[in-house]
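The residues making up each chain are set out below.
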Protein chains: 2
Amino acid sequence: MKRYQAAIIGYGNIGRFLVDAIETAPDFQLAGVVRRPESVQKSAAQLTGIPVVTSLTELDTVDVAFLALPSRLVPKAAAEILAMGINTVDSYDIHSDLVNYRQQLEPIAKTHGKTAVIAAGWDPGTDSLIRCLFQFMTPQGITYTNFGPGMSMGHSTAVKAIPGVLDALSLTIPVGTGLHRRMVYVKLAPEADPEVVEQAIKQDPYFVHDETVVTFVPEVQGLIDMGHGVLLERKGASGRTHNQLLKFEMRINNPALTAQVMVAAARAGLKQQPGCYTMIEIPVIDYLYGEREELIASLV
Amino acid sequence: MKRYQAAIIGYGNIGRFLVDAIETAPDFQLAGVVRRPESVQKSAAQLTGIPVVTSLTELDTVDVAFLALPSRLVPKAAAEILAMGINTVDSYDIHSDLVNYRQQLEPIAKTHGKTAVIAAGWDPGTDSLIRCLFQFMTPQGITYTNFGPGMSMGHSTAVKAIPGVLDALSLTIPVGTGLHRRMVYVKLAPEADPEVVEQAIKQDPYFVHDETVVTFVPEVQGLIDMGHGVLLERKGASGRTHNQLLKFEMRINNPALTAQVMVAAARAGLKQQPGCYTMIEIPVIDYLYGEREELIASLV
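Residues numbered from 1 in each chain as written. Chains lettered and ligands numbered in written order. Predicted model: local features only at pLDDT ≥ 70, side-chain atom pairs only at ≥ 80, totals over all residues. Heavy atoms only, no water.

Broken down by element type, chain A carries 10 helices and 14 strands. Taking 2.2 N^0.38 as the reference for a compact globule, 300 residues should give roughly 19 Å; the C-alpha atoms of chain A span a radius of gyration of 20 Å, in line with that estimate. For chain A, with 300 residues in total, the buried portion stands at 56%. In chain A, of all internal contacts separated by at least 6 residues, the share reaching a separation of at least 24 is 64%. Separation of charge centres in chain A, based on 25 positive and 31 negative side chains, amounts to 4 Å. (Helix = DSSP H or I, 4+ residues; strand = E, 2+ residues; numbered from the N terminus. Rg over C-alpha atoms; globule rule 2.2 N^0.38 Å. Buried < 20%, exposed > 50% of the residue type's maximum accessible area, 1.4 Å probe, protein only. Contact = heavy atoms within 4.5 Å. Lys, Arg positive; Asp, Glu negative; His and termini not counted. Charge placed at Lys NZ, Arg CZ, Asp CG, Glu CD.)

Another point: the packing of aromatic side chains. One pass over the structure, following the stated rule, counts 12 aromatic pairs over all chains. Between the aromatic rings of Tyr-4 of chain A and Phe-28 of chain A, the centroid separation amounts to 5.7 Å while the plane-to-plane angle is 50 degrees, which identifies the pairing as tilted. Separated by 24 residues along the polypeptide, Tyr-4 of chain A in strand E1 (residues 4-9) and Phe-28 of chain A in strand E2 (residues 28-34) bring together distant segments of the chain. You can call Tyr-4 of chain A partly exposed: its relative accessible area is 28%. A centroid spacing of 6.3 Å and a plane angle of 70 degrees characterise the contact between Phe-28 of chain B and Phe-66 of chain B, whose relative ring orientation is edge-to-face. On the criterion of sequence distance, the pair formed by Phe-28 of chain B in strand E2 (residues 28-34) and Phe-66 of chain B in strand E4 (residues 64-67) is long-range, its members being 38 residues apart. We note that Phe-28 of chain B, like Phe-66 of chain B, is buried. An aromatic cluster is defined as three or more aromatic residues linked by ring pairs; in this entry it consists of Tyr-4, Phe-28 and Phe-66 of chain A. (Phe/Tyr/Trp six-rings, centres within 6.5 Å; stacked < 30°, edge-to-face > 60°.)

Time to look at the interface of chain A and chain B. Every contact between the two is made by 61 residues of chain A and, on the other side, 62 residues of chain B. Note on chain A versus chain B: buried area summed over both sides is about 5,400 Å², and carbon and sulfur give 66% of it. Area buried by chain A at its contact with chain B is led by Phe-136, Arg-240 and Val-300 of chain A, which between them contribute 14% of it. Taken together, the connections running from chain A to chain B amount to 10 salt bridges. At the boundary of chain A with chain B, the tally comes to 28 residue pairs in polar contact (both at pLDDT 80 or more). Of all the secondary structure elements, the ones that give two or more residues to the side of chain A that touches chain B are helix H1 (13-24), helix H5 (98-111), helix H6 (126-137), strand E13 (241-253), helix H9 (254-269) and helix H10 (292-299) of chain A. Ranked by the residues each element gives to the side of chain A that touches chain B, the list is headed by E13 of chain A, at 12 residues. For the side of chain A that touches chain B, the residue count by class is 35 nonpolar, 14 polar and 12 charged. (Buried area = accessible area lost by both parts, 1.4 Å probe. Salt bridge = Lys/Arg side-chain N within 4 Å of Asp/Glu carboxyl O. Polar contact = N/O pair within 3.5 Å; in protein donor to acceptor, adjacent residues only side chain to side chain. Nonpolar A, V, L, I, M, F, W, Y, C, P; charged D, E, K, R; others polar.)

Strand order in the open sheet formed by 6 strands is E7(A)-E12(A)-E13(A)-E13(B)-E12(B)-E7(B), with antiparallel pairing between adjacent strands. With partners counted over all chains shown, the strands left at the sheet margins are strand E7 (140-147) of chain A together with strand E7 (140-147) of chain B, one partner each. On average, each strand axis in the sheet is tilted by 10 degrees relative to the strand beside it, whichever way the strands run. Direction of pairing for E13 of chain A relative to strand E13 (residues 241-253) of chain B: antiparallel, over a ladder of 7 bridges. Counted as the bridge partner of Leu-246 of chain A is Met-250 of chain B from E13 of chain B. Relative to the sheet, H9 of chain A contacts strand E12 (227-238) and E13 of chain A together with strand E12 (227-238) and E13 of chain B, its axis offset from that of E13 of chain A by approximately 105 degrees. (Pairing = 2+ DSSP bridges. Axes fitted to C-alpha atoms, helices over the stretch in contact; angles between N-to-C directions.)

Before going further, it helps to examine the pairing of strand E1 (residues 4-9) of chain B. All names here are of chain B. Of all 6 residues in E1, 5 are buried; the element is thus mostly enclosed. Looking at chain direction, E1 and E2 are connected through 6 bridges and run parallel. Looking at E2, one finds that Tyr-4 is bridged to Phe-28. As judged from the 4 bridges shared by E1 and E4, these two strands associate in the parallel manner.

So, on to the sheet that holds strand E9 (residues 165-176) of chain A. Read across the sheet, 4 strands follow the order E8-E9-E10-E11 (chain A) without closing on themselves; strand pairing throughout is mixed. Since the sheet does not close on itself, it has two edges, and those belong to strand E8 (150-151) and strand E11 (211-216) of chain A, each with one partner.

With that settled, the discussion passes to the relation of the copies chain A and chain B. Overlaying chain A with chain B gives an RMSD of 1.4 Å, the required rotation being 180 degrees about an axis along which the chain moves by 0.1 Å. With respect to symmetry, the two chain copies, as superposed, fit the operation of a two-fold axis. Looking at chain A, 100% of its interface residues are interface residues in chain B too, so the copies touch through the same face. (Least-squares fit on C-alpha atoms with pLDDT ≥ 70 in both.)

In terms of backbone geometry, most residues other than glycine have negative phi values and most peptide bonds are trans. Residue and element names in this part refer to chain A. Following Gly-148, the chain continues to Pro-149 via a peptide bond in cis, the omega torsion being 0 degrees. Relative to the helices and strands, Pro-149 resides in the loop between E7 and E8. Of note in this structure, Asn-243 is not a glycine but carries a positive phi near 65 degrees. Within the secondary structure, Asn-243 sits in strand E13. The exposure class of Asn-243 is exposed, given its relative accessible area of 51%.

Another aspect to go through is the UniProt feature "binding site: NADP(+)" (unreviewed entry) in chain A. Residue and element names in this part refer to chain A. Feature annotation in UniProt assigns "binding site: NADP(+)" (unreviewed entry) to the following positions: Tyr-11, Gly-12, Asn-13, Ile-14, Ser-91, Tyr-92, Asp-93, Ala-120, Gly-121, Trp-122, Asp-123 and Pro-124. Under the relative-accessibility criterion, Trp-122 is labelled buried at 6%. Among all residues touching Trp-122, those that are not within four sequence positions of it are Asp-127, Ser-128, Phe-147, His-228, Gly-229, Val-230, Met-250, Ile-252, Asn-254, Leu-257 and Thr-258. Counting through the fold element by element, Pro-124 comes out in the loop between strand E6 (115-117) and H6. (UniProt positions renumbered as here; feature names shortened; annotations may be inferred.)

Turning next to the pairing of E2 of chain B. Taken across its 7 residues, E2 of chain B has 6 buried, putting it largely inside the fold. In this fold, the crossover linking E1 of chain B to E2 of chain B by way of helix H1 (residues 13-23) of chain B has right-handed handedness. (Right-handed = clockwise from strand over helix to strand, strands pointing away.)

For the rest of this paragraph, the subject is the pattern of salt bridges. For the structure on display, the rule yields 37 salt bridges over all chains. Of the charged contacts, one joins Glu-23 of chain A and Arg-240 of chain B as a salt bridge, the two residues approaching to 3.1 Å between their closest N and O atoms. Linking Glu-23 of chain A in helix H1 with Arg-240 of chain B in the loop between E12 and E13, this pair reaches from one chain into another. Arg-240 of chain B sits in the partly exposed class, given a relative accessible area of 45%. Linking Glu-281 of chain B and Arg-102 of chain B is a salt bridge whose minimum nitrogen-to-oxygen distance equals 2.7 Å.

Moving on, we come to the domain arrangement of chain A. All names here are of chain A. According to the domain assignment, chain A consists of domain 1 (4-124 + 254-299) and domain 2 (140-238). Of note, the centres of domain 1 and domain 2, computed from C-alpha atoms alone, are 26 Å apart. Every contact between the two is made by 11 residues of domain 1 and, on the other side, 13 residues of domain 2. For domain 1, the biggest contributors to the area lost against domain 2 are Arg-72, Trp-122 and Asn-254; these three give 50% of the whole. Inspection of the region where domain 1 meets domain 2 yields 1 salt bridge. Here Asp-204 makes a salt bridge to Arg-72, at a shortest N to O gap of 3.7 Å. (Domains from an automatic or database assignment.)

Spelled out as structure tokens, the structure:
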């Protein structure tokens, strides 16, 4: 059977796990990885037998591009790739900008007859699907999303972008009812002022609303574990019946799950009409590989 | 704003809770309840101010009919109502016949330009959505569906049909890895032989595969509680990364949740192209009341 040709844009944490998720998917084939020119050389050892290029245009046919870039770089890249007539999938995680980002991509996707599936990770992503379920099962009530304990890639990347930071790790610690502490471990550049760096972190939009503890450490790499988790809880009412208790919990390798969800989203995107979609706008069956009636028989 | 006109067909456990779920929904209005002629009289006390009729044709405009009938009566009723040009929603729960039932309704729905949303309860229903999520998040692994503790209507009805049983209650007790114990409480007829009844229960197709404990009690009604629950568990692999741990758990009033899910399914059905749908074939956002971009902003 035909396999969809996939390109990975970027080769950080998610990019690495996308190689696994694409190679183990029965309906995708990895066409190549797009990296910055200065990183292409390193790829020889890391990516045996996989084409590594500096631009998507160097790859033959690409059906879908997986954007494994920092979220801040995603909107521009997605717009450019859609305009090349290639579907995109990303795990853009800036919740507050999602509606705006979706509005930007929608006309580009439609003009070029392609789809973009955005915010396709686990939060936003699969957690969003769960929040919707909880909401329609019990329209009245409160849903709490409790993250962690685990490393936040988005938050860690945000810290690394601050001048004076050589390396950083941000852990998300749940403190209940949807509140979190951010434990930030930072390796400082020799010339950096710790107080300036600490203030810059605490004023960053990623951190400004949460309790944030910054610790300076000589090395960050030895602290890293990719495990993460979430607990989604809701107590609500169905009709006039209160005390309906709903709970979703997971403990996962973070980039491995994100990459796997992106592959499912790419599959679903290939089945949709041109446009830009968040995961809640696509039928859940479309994320799955397999024949429709067999899926219904085995999963419904 | 316009409210969709809803009719409830049947007035058992689920029918009663559908009144609540429809009356509390901002986008639906209860047009009436359809009952058997012999039950209409009882309705005066139970259903103040709500039209109670013996046929859907007695109600003016109906946009959607909620089938709150025993599952074995649902397929025929759904086909008839769709042919009248009215959308249907049901919580048909015979898993093994779902694909067949869907195939039967699909052409009728299309011919009459209407939608049927079938198997829209919690299992099948919202649990089916969760099983799909688990499957695409970790394509390799095993999902266990653990029901209870709670009352099983299907099993209780099966026991009541056995000669010598005056009343019965069957509780489903999870014993892990998708296996269940059946705790059966029976009120015997005076002339009945307890050993004969116990053997008949244990040999019934509903019970023959499970550990079954039969207890004889003077009265069953005092034991009934509508609470139920489920624990869906999966340990699987995302890409090449194993030990991804996923869990969904709920403790709910059973008919109240079923009724609420049916209202969400009715809403979603009104947004779909003509045809017959299981819940996994509809975008999750369509189950929700509200403006699209506001839902994306608040739930994604």
